[in-house]
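Residue-level structure breakdown
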Amino acid sequence: MITAAGKKAFKAWLVSEPGPDHLRSPLILRLVHAASLTAKQRADLVGFARASYAAQQDVARTAAKEAEDPYGKAVAEFAVAHARAVLKLAGRGTPTG
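Description of the structure in this document.

1. Quick notes on the overall build of the protein chain
Along its length, the protein chain carries four helices and zero strands. Written out in order from the N terminus, the α and β elements of the protein chain read α-α-α-α. Against the compact-globule benchmark of 13 Å for 97 residues, the protein chain has a radius of gyration of 18 Å, which places it well outside the compact range. Along the first, second and third principal axes, the C-alpha atoms of the protein chain reach 55 × 30 × 25 Å.

Rendered as C-alpha cells:
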C-alpha cells in the first residue's frame with residue numbers, strides 16, 4: 001500500500017525536471033570491448049545479445065500493436081527501435097584482437 005506521503009513524493013518526482021538521459025548498458029559496453037575477448041567468448045556474447053534482444057524486440061512489437069495509450073505505444077516503439085539498434089550493433093561481426 002502506498003502512503004499519502006509516498007503518493008505526494010511520487011507526484012513531485014513526476015513533475016520535476018527529468019534531466020539528461022544516460023545509456024547504461026553492460027551488454028553494449030562489453031560489445032564495444034569485445035576485441036579483448038577470445039573468439040569463443042565473443043561468439044557467446046554476440047549470440048546472447050542476438051537472442052536476448054530479438055526476444056525483447058518481439059515483446060515490444062506486440063506491445064506497440066496492442067497499446068491503446070499513445071504514450072504507451074510510443075514507449076513500445078522506442079523499445080522496438082532500441083532492440084533493433086542493439087541487434088544491428090551485435091550483427092557487425094565479431095571484432096578480432
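What follows picks up the thread again.
2. Brief notes about the pattern of salt bridges
Across all of its chains, the model carries two salt bridges by this definition. Residue E77 pairs with K73 through a salt bridge whose shortest N-O separation is 3.7 Å. With E77 and K73 both in helix α4 (residues 70–90) and four residues apart, this pair spans about one turn of that helix.

3. Observations concerning α4
End to end, α4 covers 30 Å across 21 residues, agreeing with the expected 30 Å (1.5 Å per residue, within 8%). Of all the residues in α4, the buried ones are A76, V80, A83, V86 and A90. Projection of α4 onto a plane perpendicular to its axis shows the buried side chains occupying an angular sector of 130 degrees, all on one side. Turned more than 90 degrees away from the buried face of α4, the exposed residues are P70, Y71, F78 and K88. Buried residues belonging to α4 abut α2 (26–32) and α3 (39–66).

4. What about the packing of α3 against α4?
Contact pair α3 / α4: the axes reach a minimum separation of 8 Å and the direction vectors enclose 160 degrees. Between α3 and α4, the crossing angle belongs to the class labelled roughly antiparallel. Handedness of the crossing formed by α3 with α4: left-handed. Contact with α3, carried on its side by V46, A49, R50, Y53, A54, Q57, A60, R61, A63 and A64, involves K73, A76, E77, A79, V80, H82, A83, R84, V86, L87 and A90 of α4 and no other residues of that element. Class assignment for the residues of the contact of α3 with α4 results in 14 nonpolar, two polar and five charged.

5. So, the packing of aromatic side chains
Under the criterion given, the structure shown has one aromatic pair. Ring centres 5.8 Å apart and planes at 25 degrees place the aromatic pair F10 and W13 in the stacked group. A residue pair is termed a helical-turn pair when its members lie 3 or 4 positions apart in one helix, as F10 and W13 do in helix α1 (residues 4–15) at three residues. What makes F10 partly exposed here is its relative accessible area of 49%.

6. A look at the nonpolar core
A general feature of soluble globular proteins is that nonpolar side chains tend to end up buried together. Residues L27, I28, L31, L45, V46, A49, Y53, A83, V86 and A90 constitute the largest nonpolar core, which totals ten residues. Among the secondary structure elements, those contributing two or more residues to this core are α2, α3 and α4. Looking at which element gives the most residues to this core, the answer is α3, with four residues.

Calculation criteria
Within every chain, residues take consecutive numbers counted from 1 along the sequence as written. pLDDT decides what is reported in this predicted model: residues at 70 or higher carry local features, side-chain atom pairs at 80 or more are listed and counted, and totals for whole chains, interfaces and linings draw on all residues regardless. The side-chain figures draw on all heavy atoms in the structure; neither hydrogens nor water molecules are used. Under the DSSP-based scheme used, a helix requires at least four consecutive residues in state H or I and a strand at least two consecutive residues in state E, with every element numbered from the N terminus. As defined in this context, the radius of gyration uses C-alpha atoms, and a globule is described by 2.2 Å times the residue total to the power 0.38. Basic side-chain nitrogens of Lys or Arg form a salt bridge, by our definition, when they fall within 4 Å of a carboxyl oxygen of Asp or Glu. The length a helix should cover is 1.5 Å for every residue beyond the first. Relative accessibility under 20% of the residue-type maximum defines a buried residue, over 50% an exposed one, and the middle range a partly exposed one, all with a 1.4 Å probe and only protein chains included. By arc we mean the arc of the directions from the helix axis to the C-beta atoms, nothing more. Pairs of residues are marked as contacts when any of their non-hydrogen atoms sit within 4.5 Å. Helix axes are fitted only over the stretch in contact, all axes being lines through C-alpha atoms; the angle between N-to-C directions runs from 0 to 180 degrees. Here the angle decides the label: under 35 degrees means roughly parallel, over 145 means roughly antiparallel, 65 to 115 means roughly perpendicular, and every other value means oblique. Handedness of a helix crossing follows the sense of rotation of the near helix relative to the far helix, less than a right angle counterclockwise being left-handed and clockwise being right-handed. Side-chain classes follow a simple rule in which Ala, Val, Leu, Ile, Met, Phe, Trp, Tyr, Cys and Pro form the nonpolar group, Asp, Glu, Lys and Arg form the charged group, and the remainder, Gly included, forms the polar group. Here is the rule: rings of Phe, Tyr and Trp (six-membered ring for Trp) pair when centre to centre is within 6.5 Å. Planes less than 30 degrees apart are stacked, more than 60 are edge-to-face, and the remainder are tilted. In this text, buried Ala, Val, Leu, Ile, Met, Phe, Trp, Tyr and Cys residues form a nonpolar core when linked through side-chain atoms within 4.5 Å.

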